[in-house]
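# Remarks on the overall topology
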Amino acid sequence: MKVAVFSTEPYDRQFLDAANANAGHPHELVYFDTRLEAHTAALAVGFPAACIFVNDDGGPETLKLLADNGTKLITLRCTGYNNVDLRAAQDSGLTVARVAVYSPYSVAEHVVGLIQALNRKLHRAYNRVRDDNFSLNGLLGFDLHGRTIGIVGTGKIGLILAQIMTGFGCKVLGYDVYPNAQFEAIGTARYVSLPELFAQSDIISLHCPLTHDTHHLISKQAIDQMKSGVMLINTSRGQLVDTKAAIEGIKSGQIGYLGIDVYEQEAELFFRDLSDTVIQDDTFQLLQSFPNVIITAHQAFFTREALGDIARTTIENLTAFEQHQPIANEVRLPD
């Protein structure tokens, strides 16, 4: 089957080509560097399938153009599908699939990296030593042992993070609209209400999907409920955090540390080399100016294991569709 693969980087091609070569009936993968948007949808004319990523546009206009030009399947190389309008897809006769699971260790371990970098100020220490500045002033951290971490969303990634932080000797609190019995089997981990998690946690890490209900879950009201000087980590979706409210929280000292791998307006920034340009996003530039903020560019998933999982599942989705078999990872509107 001929597949238009959008938003590709060399690493995407490497892992998809390897997974495709191992498939019983390889597909014809045609790679495009550009994002899928309404004005680039014409690139997929005559392609039965389009493969997209987190910042591609799956809105009504784009989906209709794809469907009118012969596309029948949209398969995402990611878990989240908030960028695809499922109603519009259904109305256009498009099947939507995703990668429901890839290495959850990749994201959970990245969270720990952000926590330790912020806490022990590793980014600042690294730059000091390169400048032959060996002073320790301003680099004081705290022991993770005995601290409380609140995990919002206790799916596979949240569970692994709970296990890791238990190993550090942390107290673990969780919140999830669908509680998981496995979570409370980890050390002394327990579920609490969201306000209680905000009030008691020294560190808060977000691991929930982006939905209508979770949009700006971290609002000014939520930040006001948190401990003064809280550490906030977001590796899920940028729109979970009201960025302007977070900036005000940083300025007031209510947020003592912010580590983000995702950003509300990241579609115009991430996965591109903009080093020779002037970034026009003033909010992002302000975030970067704070010494207690670390931003990584949506790389939490970026391990060999995760990319291998993503590629294999993507090829399996394509094969199942081509062979008119049920797609285990199909995404549908709720009944």
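A brief structural summary. Values in this document were obtained by computation on a predicted structure and should not be read as measured data.

### Focus on the sheet that holds strand E11 (residues 255-260)
Taking strand neighbours across the sheet as the criterion, the seven strands line up as E8-E7-E6-E9-E10-E11-E12 in an open arrangement whose pairing is parallel. Unpaired on one side and paired on the other, strand E8 (190-191) and strand E12 (293-295) mark the two borders of the sheet. Most of the contacts of helix H6 (residues 156-167) go to strand E6 (residues 148-152), to which it runs at about 175°, and overall it touches E6, strand E7 (171-175) and strand E9 (203-206).

### Regarding unusual backbone geometry
The backbone of His216 sits at a positive phi, close to 55°, despite the residue not being glycine. Tracing the backbone through its elements, the reader meets His216 in the loop between E9 and helix H8 (220-225). By relative accessible area, which is 24% here, His216 ends up partly exposed. Despite not being glycine, His324 shows a phi value in the positive range, around 60°. Mapped onto the fold, His324 is located in the loop between helix H11 (304-322) and strand E13 (330-331). When its relative accessible area of 75% is taken as the criterion, His324 is described as exposed.

### Here we look at the environment of His25
Tracing the backbone shows His25 in the loop between helix H1 (10-21) and strand E2 (28-31). Under the relative-accessibility criterion, His25 is labelled exposed at 55%. His25 sits 93 residues away from Leu118 along the chain, and the two C-alpha atoms are 47 Å apart.

### Notes on the pairing of strand E4 (residues 73-76)
Here E4 shows two buried faces, one formed by Leu73 and Thr75 and the other by Ile74 and Leu76. Strand direction decides the pairing type here: strand E3 (residues 49-52) and E4, joined by four bridges, are parallel. Counterpart to Ala49 in the pairing with E4 is Leu73. Where the polypeptide runs from E3 across helix H2 (residues 60-68) and back to E4, its parallel neighbour, the crossover connection is right-handed. Looking at chain direction, E4 and strand E5 (residues 95-97) are connected through three bridges and run parallel. Bridging across to E5, Ile74 finds its partner in Val96.

### Remarks on the nonpolar core
Across soluble globular proteins, you tend to see nonpolar side chains buried next to one another. Formed by 50 residues in total, the largest nonpolar core has its most connected members in Phe6, Leu29, Leu63, Ile74, Val96 and Leu318. If one sorts the elements of this core by residue count, H11 sits on top with seven residues. Contacts of Leu29, omitting those with residues within four sequence positions, involve Val3, Val5, Leu16, Asp17, Asn20, Ile315 and Leu318. Grouped together as the second largest cluster of nonpolar side chains are 34 residues, Phe198, Ile204, Leu217 and Phe270 included.

### A closer look at the packing of helix H4 (residues 104-120) against H6
Interhelical geometry of H4 versus H6 gives an angle of 45° and a closest axis separation of 8 Å. For the element pair H4 / H6, the angle class is oblique. The crossing of H4 and H6 is right-handed. Of H6, the residues touching H4 (which contributes Pro104, Tyr105, Val107, Ala108, Glu109, Val111, Val112 and Ile115) are Lys156, Ile157, Ile160, Leu161, Ile164 and Met165. Looking at side-chain class alone, the contact of H4 with H6 contains twelve nonpolar, no polar and two charged residues.

Cut-offs and rules
- Residues numbered from 1 in each chain as written.
- Predicted model: local features only at pLDDT ≥ 70, side-chain atom pairs only at ≥ 80, totals over all residues.
- Heavy atoms only, no water.
- Pairing = 2+ DSSP bridges.
- Helix = DSSP H or I, 4+ residues; strand = E, 2+ residues; numbered from the N terminus.
- Contact = heavy atoms within 4.5 Å.
- Axes fitted to C-alpha atoms, helices over the stretch in contact; angles between N-to-C directions.
- Buried < 20%, exposed > 50% of the residue type's maximum accessible area, 1.4 Å probe, protein only.
- Right-handed = clockwise from strand over helix to strand, strands pointing away.
- Core = buried A, V, L, I, M, F, W, Y, C linked by side-chain atoms within 4.5 Å.
- Parallel < 35°, antiparallel > 145°, perpendicular 65-115°, else oblique.
- Left-handed = near helix turned anticlockwise from the far one by under 90°.
- Nonpolar A, V, L, I, M, F, W, Y, C, P; charged D, E, K, R; others polar.

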